[in-house]
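# Structural overview
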Amino acid sequence: MSLSDRMNLAGKVALIAGGAGGIGAAIANGLIEAGAKVVLGDNVGSVGDIASQMSRNGSADWVSMDVTKSGSVDEAVAHVVNGHGSWIFLLQLPALPMKNQPSITLMKTGGASWQ
């Protein structure tokens, strides 16, 4: 039984930080299989090409995003909201070491944590 048989995400949009490779790309492909549209947020130069390769009928978009800069994250979220409307938010922190904070939640993180 495939993921799409178990879960239907048609009409949902996910922003995936680090979506251009590794775990993020695997999550993006799984969500596309389940019917979601994904926006790959990454700061690698090839993120647009990667989104094009994984897109099925316009199911993948991309935005330049650097999770170490809060303004970049704000711009990525605005891109998703303005371009896609309703969405679910999925964040995968790519290779981002946080001193004394093994796990954080973006929505509860203040500006000081972006340093």
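Along every chain, residues carry numbers that run from 1 in the direction the sequence is written. Thresholds applied to this predicted model are a pLDDT of at least 70 for local features of residues and 80 or more for the giving and counting of side-chain atom pairs; totals over whole chains, interfaces and linings are not thresholded and use all residues. Side-chain numbers come from the whole structure's heavy atoms, not from hydrogens or water.

Under the DSSP-based scheme used, a helix requires at least four consecutive residues in state H or I and a strand at least two consecutive residues in state E, with every element numbered from the N terminus. Of the regular secondary structure elements, the protein chain holds four helices and four strands. Ordered by position in the sequence, the α and β elements of the protein chain form the string α-β-α-β-α-β-α-β. Only protein chains enter the accessibility calculation, which uses a 1.4 Å probe. A residue is then buried if its area is under 20% of the maximum for its type, exposed if over 50%, and partly exposed in between. When burial is assessed residue by residue, the protein chain has 36% of its 115 residues classed as buried. Contact between two residues is taken to exist if any of their heavy atoms lie within 4.5 Å; hydrogens are not considered. Relative to all contacts within the protein chain whose residues are 6 or more apart in sequence, the contacts with residues 24 or more apart total 53%. Accessible surface computed for the protein chain: about 6,700 Å², of which carbon and sulfur atoms make up 52%. Accessible surface area values rest on a Shrake-Rupley calculation with a 1.4 Å probe, where residue burial reflects the displayed protein chains alone.

Quick look at the side chain of aspartate 66 now. Secondary-structure assignment places aspartate 66 in the loop between β3 (60-64) and α4 (70-84). Polar contact is defined as a pair of N or O atoms within 3.5 Å, subject to the rule that within protein one atom must be able to donate a hydrogen and the other to accept it, and that residues adjacent in sequence are counted only when both atoms are side-chain atoms. Side chain to side chain, aspartate 66 and threonine 68 meet in a polar contact 2.6 Å long. Those residues within four positions of aspartate 66 in sequence are excluded, and the remaining contacts are Asn43, Ser72 and Val73.

Expected span, for any helix, means 1.5 Å times one less than how many residues it has. With twelve residues, helix α2 (residues 22-33) extends 17 Å from end C-alpha to end C-alpha; this agrees with the ideal 16 Å at 1.5 Å per step. Turning to α2, its buried residues number three or more, namely Gly24, Ala25, Ala28, Gly30, Leu31 and Ile32. Taken from the residues just after α2, glycine 35 is the one with a positive phi, measuring 100°.

Turning our attention to α4. Between its first and last C-alpha atoms α4 spans 21 Å; for 15 residues at 1.5 Å apiece the expected length is 21 Å, and the two agree. Elements in contact with the buried residues of α4: β1 (13-17), β2 (37-42) and β3. With its phi angle positive at about 75°, glycine 85 sits one or two positions after the end of α4.

The working definition used for a salt bridge is a side-chain nitrogen of Lys or Arg within 4 Å of a carboxyl oxygen of Asp or Glu. Here the structure, examined in full by the defined rule, presents one salt bridge. We note a salt bridge from lysine 69 to aspartate 66, for which the minimum N-O separation is 3.5 Å.

Counting residues in hydrophobic clusters, the biggest one holds 17 residues, and the most contacted among them are Ile16, Ala28, Leu31, Val38, Leu40, Met54 and Ala60. Secondary structure elements with two or more residues in this core: β1, α2, β2 and α3 (47-54). Residue contacts for leucine 40: discarding those within four places in its chain leaves Ile16, Gly19, Ala28, Val47, Ile50, Ala51, Met54, Asp61, Trp62 and Val63. Membership of the second largest hydrophobic core comes to ten residues, among which are Val13, Val67, Ala76 and Val80. What we call a nonpolar core is a set of buried Ala, Val, Leu, Ile, Met, Phe, Trp, Tyr and Cys residues that are connected through their side-chain atoms within 4.5 Å.

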